[in-house]
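Overview (structure and organization)
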There are 2 protein chains.
Amino acid sequence: MQDDQSLSTLSLAVLGLISEQSRTGYDIRKAFATTPIGHYCTSPGAIYPALKRMDACGWIVGSTANKESLRPKKVYALTEAGRKKLKQDVSQPVTREDVMYRMDHLLLRFAFMGKLVSRQKTAKFLTGMGAEIDSYVASLKQFQGEAGKQMPLHGVLAMENGIEGYQAHSRWTRRAIRSFNR
Amino acid sequence: MQDDQSLSTLSLAVLGLISEQSRTGYDIRKAFATTPIGHYCTSPGAIYPALKRMDACGWIVGSTANKESLRPKKVYALTEAGRKKLKQDVSQPVTREDVMYRMDHLLLRFAFMGKLVSRQKTAKFLTGMGAEIDSYVASLKQFQGEAGKQMPLHGVLAMENGIEGYQAHSRWTRRAIRSFNR
DNA sequence: AATTTCATGTAACCAGTTACATGATTCA
DNA sequence: TGAATCATGTAACTGGTTACATGAAATT
C-alpha cells in the first residue's frame, strides 16, 4: 500500500471508522458485522493485516492496553497523516470509472466526509457525482438504443436494471444536495 | 478454481459470453470494453489466465487457428461440462448475501440465464431475488429506525441511498417477472 | 511510413479468503 | 461448568492488477 495510491474499499472503511473514534480490530469487525457499512470481510485475516499496513504507513497508531496480558488489546487512533490521507482520498473528483464500478466506494467516501470537508465541498462532491451518473445513464441509454434491438430479452432487462439503479442514485444525489444547501 | 466452488464474477462473465458464442480472449476483452457487461478488467493479465483455468477445468476448449503462425488465434467454445457448470451456477437459490454484496453477480446470472433455464425457472429466480431484496430492505429500515437517530447526517443519507437503490431493484424485479409471465 | 487494431501472453506483486490457533472474560 | 463473547493473530492460497513483451494485419 503506497502512500500515493487510493485506498482500497476495505482500507477506506477501516480508516473511516477509526476517524470517527479510536477502535480495536475487534470493534471494526463488529461494526462490519452489525451495521450496513460495506459488509465485506468480517474475517480477522483481512482486518488485522490491513491495520498493520496502515500502521506501517503512519496513518494510525496502536496503543496497547493490558501490556502484561498474553493477548494485549490494541486500540488504534487516527494520526494527523491518516486524517490527511483520508481527507485527500474522499476529496478526489468523481470520475466516470468511480460511477461505473466503484459506487460502494463512492458512498463510503461520502459517508466519512462529514468531519473532514466543508458543507460546500460535500455539496460539490454530490454535484459531481450526480453529473457523472447522469452522463453515464445517458451513455447507457444510447447503447440501449443502438444495440438493444438485437439483444435478447434477458440482456435488455439487465440493462434496464442497471439504468434504473443509477437513476435512483441520481435522484438521491439531488435530494442530498438540497439537504446540504438547506 | 475448484469444480464445486461458485464462479467468480469475472469467470461468470467470461463463461457466459462464451456460452452465447465461441470467442477468443480478445473478443472477450472487446466485449468488456465496449458493452456495459461487468466492465472490470479489460486487461489481458486477468482474462487469459482465467481462460486457461477454465480450459483446465474442462468447461471450455480452445481450438487453435493459424497453427503455423507465431501468435495463433485461440477460439474458445463451451463444453457440455461448462454448460452444466454455468447452468448450475446461475440456478443457485438467491441468498441474502447475494443481495447484500453480489448484486452485480446476480444480474450477470440473470443475463446469461436465457438459453440455460426455462422461463418458469427464471421467473422463480426473480421472485426469490425480489423476496430477498424486500426482506433486506426491511432490515435496513429497521436499522434505520433504531440507530438512525444517533447517526450523523452523512450516515443517514448514505443509508437512504442504499435503501433507495435496493427499492429500485425490487421494482425492476416485479416488472421483469411480469414480462416473463406475459 | 506510421498508426491503429487485432491478438496472445508472462511476471511480480498484493489484497482478500479460508482455515487454523490461542486464550481471557462474562454470563447463564 | 460450559457456552458465548471478547480479542488477536498467522499461513497457505488464489485471483486480479499493473506493467511488460511481442508481432501481424489493416488502415490512414
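Residues numbered from 1 in each chain as written. Chains lettered and ligands numbered in written order. Predicted model: local features only at pLDDT ≥ 70, side-chain atom pairs only at ≥ 80, totals over all residues. Heavy atoms only, no water.

1. Comments concerning the overall build of chain A
When you go through chain A residue by residue, the secondary structure sums to eight helices and three strands. When the helices and strands of chain A are placed in sequence order, the string is α-β-α-α-β-β-α-α-α-α-α. Projected onto the principal axes, the alpha-carbon positions of chain A cover approximately 70 × 40 × 30 Å. Residues classed as buried in chain A amount to 44% of the 182 residues present. Partitioning the contacts of chain A with sequence separation of at least 6, the portion at a separation of at least 24 is 58%. Entry remark: accessible area of chain A is about 9,400 Å², with carbon and sulfur atoms responsible for 52%. (Helix = DSSP H or I, 4+ residues; strand = E, 2+ residues; numbered from the N terminus. Buried < 20%, exposed > 50% of the residue type's maximum accessible area, 1.4 Å probe, protein only. Contact = heavy atoms within 4.5 Å. Areas by Shrake-Rupley, 256 points an atom, 1.4 Å probe, with all protein chains shown as cover.)

2. Focus on the side chain of Ser179 of chain B
Here Ser179 of chain B shows up in helix H8 (residues 153-181). Polar contacts involving the side chain of Ser179 of chain B include one to the main-chain carbonyl oxygen of Ala176 of chain B, which spans 2.9 Å. (Polar contact = N/O pair within 3.5 Å; in protein donor to acceptor, adjacent residues only side chain to side chain.)

3. Topic: the relation of the copies chain B and chain A
Note on the identical chains: chain B maps onto chain A by a rotation of 180 degrees and an axial translation of 0.0 Å, with an RMSD of 0.0 Å. Overall, the copies show the geometry of a two-fold rotation axis. When each C-alpha of chain B is compared by its distance to the rotation axis, Gly165 of chain B comes out closest, at 2.8 Å. The fraction of interface residues of chain B whose copies in chain A are also interface residues reaches 100%, indicating that both copies meet through the same surface. (Least-squares fit on C-alpha atoms with pLDDT ≥ 70 in both.)

4. Describing the sheet that holds strand E1 (residues 23-24) of chain A
Residue and element names in this part refer to chain A. Strand order in this open sheet of three strands is E1-E3-E2, and the pairing throughout is antiparallel. Looking at which strands have only one partner, the edges of the open sheet turn out to be E1 and strand E2 (60-65). Sheet analysis places E1 next to strand E3 (residues 73-78), joined by two bridges and oriented antiparallel. Within E3, the residue paired with Arg23 across the bridge is Tyr76. Contacts from helix H1 (residues 9-20) reach E1, E2 and E3, with the element oriented near 85 degrees to E3. Seen against the sheet, helix H3 (residues 44-56) touches E2 and E3 and runs at an angle of roughly 115 degrees to E2. (Pairing = 2+ DSSP bridges. Axes fitted to C-alpha atoms, helices over the stretch in contact; angles between N-to-C directions.)

5. A word on H3 of chain A
Residues and elements named next belong to chain A. The terminal C-alpha atoms of H3 lie 18 Å apart, and with 13 residues this matches the ideal 18 Å at 1.5 Å per residue to within 8%. Among the residues of H3, those classed as buried are Ile47, Ala50, Leu51 and Met54. Down the axis of H3, the buried side of the element spans an arc of 100 degrees, and every buried residue falls inside it. Seen from the buried face of H3, the exposed residues on the opposite side, beyond 90 degrees, are Gly45, Lys52 and Ala56. Gly58 sits one or two residues past H3 and shows a positive phi near 85 degrees. (Expected span 1.5 Å × (residues − 1). Arc of directions from axis to C-beta.)

6. Here we look at the packing of helix H8 (residues 153-181) of chain A against H8 of chain B
Following both chains from N to C, one finds H8 of chain A and H8 of chain B inclined at 150 degrees, their axes separated by 9 Å at the closest point. When the interaxial angle is binned, H8 of chain A and H8 of chain B end up roughly antiparallel. As for how H8 of chain A packs across H8 of chain B, the hand of that crossing is right-handed. Grouping the constituent residues of the contact of H8 of chain A with H8 of chain B by class yields 14 nonpolar, ten polar and eight charged. (Parallel < 35°, antiparallel > 145°, perpendicular 65-115°, else oblique. Left-handed = near helix turned anticlockwise from the far one by under 90°. Nonpolar A, V, L, I, M, F, W, Y, C, P; charged D, E, K, R; others polar.)

7. Digging into the side chain of His169 of chain B
With respect to the helices and strands, the residue His169 of chain B is situated in helix H8. Residue classification places His169 of chain B among the buried residues on the basis of a relative accessible area of 15%. Ignoring sequence-local partners within four residues, the contact set of His169 of chain B consists of Asn161 of chain A together with Met103 and Ile133 of chain B.

8. Observations concerning the pattern of salt bridges
Within the structure shown, the criterion is met by 14 salt bridges over all chains. One salt bridge connects Arg175 of chain B with Glu164 of chain A, and the closest N-O pair in it is separated by 2.9 Å. You can see Arg175 of chain B sitting in helix H8 and its partner Glu164 of chain A sitting in helix H8, one on each of two chains. Residue Arg23 of chain B pairs with Glu20 of chain B through a salt bridge whose shortest N-O separation is 2.9 Å. Exposure remark for Glu20 of chain B: the relative accessible area of 35% places this residue in the partly exposed category. Counted as one network, the salt bridges with shared partners bring together Asp98, Arg102 and Arg109 of chain A. (Salt bridge = Lys/Arg side-chain N within 4 Å of Asp/Glu carboxyl O.)

9. Quick look at the interface of chain B and chain A
Taken residue by residue, the interface counts 33 residues in chain B and 33 residues in chain A. Taking both sides of the interface into account, the surface hidden between chain B and chain A amounts to around 2,800 Å²; carbon and sulfur atoms contribute 63%. Looking only at chain B, the three residues that lose the most surface to chain A are His39, His154 and Asn161 of chain B, adding up to 24% of its buried area. At the surface where chain B touches chain A, the tally comes to four salt bridges. On inspection of chain B and its partner chain A, the count reaches ten residue pairs in polar contact (both at pLDDT 80 or more). (Buried area = accessible area lost by both parts, 1.4 Å probe.)

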